[in-house]
Amino acid sequence: PHLIVSFGGYVSVPVVIAAWFHKIPSITHEQTHTLSLSTKINAIFCRYVALSFPFKNLSEKYILTGNLLRREIFNTHSLFFEKQKINLKKYPLIYLTAGNQGSHHLNLILKKILPILSQKFTIIHQTGQKDFISFKKLLSKFPNYFTKNYIDSGDIGWIFHHSKLIISRAGANTTQEIITLHKNSIIIPLPISQQNEQLKNALWLQKKLPKNTIVIKDSELT
């Protein structure tokens, strides 16, 4: 490669160090409000470190660029969901997600209240791979309930555009997309995250959209 770009994951560290030995330039990008250990190590060997948020007292190597957003979130069409003929005026849309892997805890809580919610709302639920099969069995019981293990790029814009409420963990990408599209949200930060970054993401979202955001601790969720 002529250039290596990494995004802060720990698996990037040996790659960036190897690139330095081979005199291949690299850039690393930090998505969150804190500098992870991976980013701090990569910074020693990288030519530049791109930041989503401003930090004080850093060298010229660090450049504020903002975060990358998926272009697909601005797409308002979905071949799959438009075929379902969902009555969103009668049953407003709630979207529950917890990142690519989903959240077993959030899934179980939704399962308890699904009989009540589905009477008044359309529910789109991204389960993650582990819980998908068990929740797929509920599709026949609740006509206003839709579940997928992963929401692909062709559907995410339609879901965001039509959602009246998004229930989510506090990942960097999700919180920034919610702010960009000015959506209502209930945010449950992951209780164990690198330097408590999910809580910081949630509080930042709440500061940006105070009238649209509710933050609930995972331990207090019922």
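Before reading on, note that the structure itself is shown above.
Residues numbered from 1 in each chain as written. Predicted model: local features only at pLDDT ≥ 70, side-chain atom pairs only at ≥ 80, totals over all residues. Heavy atoms only, no water.

Caption draft 1: How the structure looks around the sheet that holds strand β5 (residues 93-97). Strand order in this open sheet of 6 strands is β7-β6-β5-β8-β9-β10, and the pairing throughout is parallel. Both outer strands of the open sheet, β7 (145-148) and β10 (213-215), are each paired with one neighbouring strand and no more. Taking each pair of neighbouring strands and ignoring which way they run, the sheet shows an average axis angle of 15°. As defined by bridge partners, β5 adjoins strand β8 (residues 163-168) across 5 bridges and the pair is classed as parallel. (Pairing = 2+ DSSP bridges. Helix = DSSP H or I, 4+ residues; strand = E, 2+ residues; numbered from the N terminus. Axes fitted to C-alpha atoms, helices over the stretch in contact; angles between N-to-C directions.)

Caption draft 2: Summary view of unusual backbone geometry. Although it is not a glycine, K85 adopts a positive phi angle of roughly 50°. Topologically, K85 is positioned in the loop between α3 (79-83) and β5. Given a relative accessible area of 75%, K85 falls into the exposed group. With a phi close to 55°, H182 is a non-glycine residue in the positive phi region. (Buried < 20%, exposed > 50% of the residue type's maximum accessible area, 1.4 Å probe, protein only.)

Caption draft 3: Representation of the environment of I63 within the structure. Along the polypeptide, I63 turns up in strand β4 (residues 62-64). Sequence separation between I63 and H29 is 34 residues, and the spatial gap between their C-alpha atoms is 9.4 Å. Leave out the neighbours within four places in its chain, and I63 touches Y48, V49, A50 and L51. (Contact = heavy atoms within 4.5 Å.)

Caption draft 4: Representation of the packing of helix α1 (residues 12-21) against helix α2 (residues 37-45) in the model. One way to put it is that α1 packs onto α2 with a least axis distance of 9 Å and a crossing angle of 5°. By the criterion of interaxial angle, the relationship of α1 to α2 is roughly parallel. Residues S12, V13, V16, I17 and W20 of α1 pack against S38, I41, N42 and F45 of α2. Residues of the contact of α1 with α2, tallied by class, amount to 6 nonpolar, 3 polar and no charged. (Parallel < 35°, antiparallel > 145°, perpendicular 65-115°, else oblique. Nonpolar A, V, L, I, M, F, W, Y, C, P; charged D, E, K, R; others polar.)

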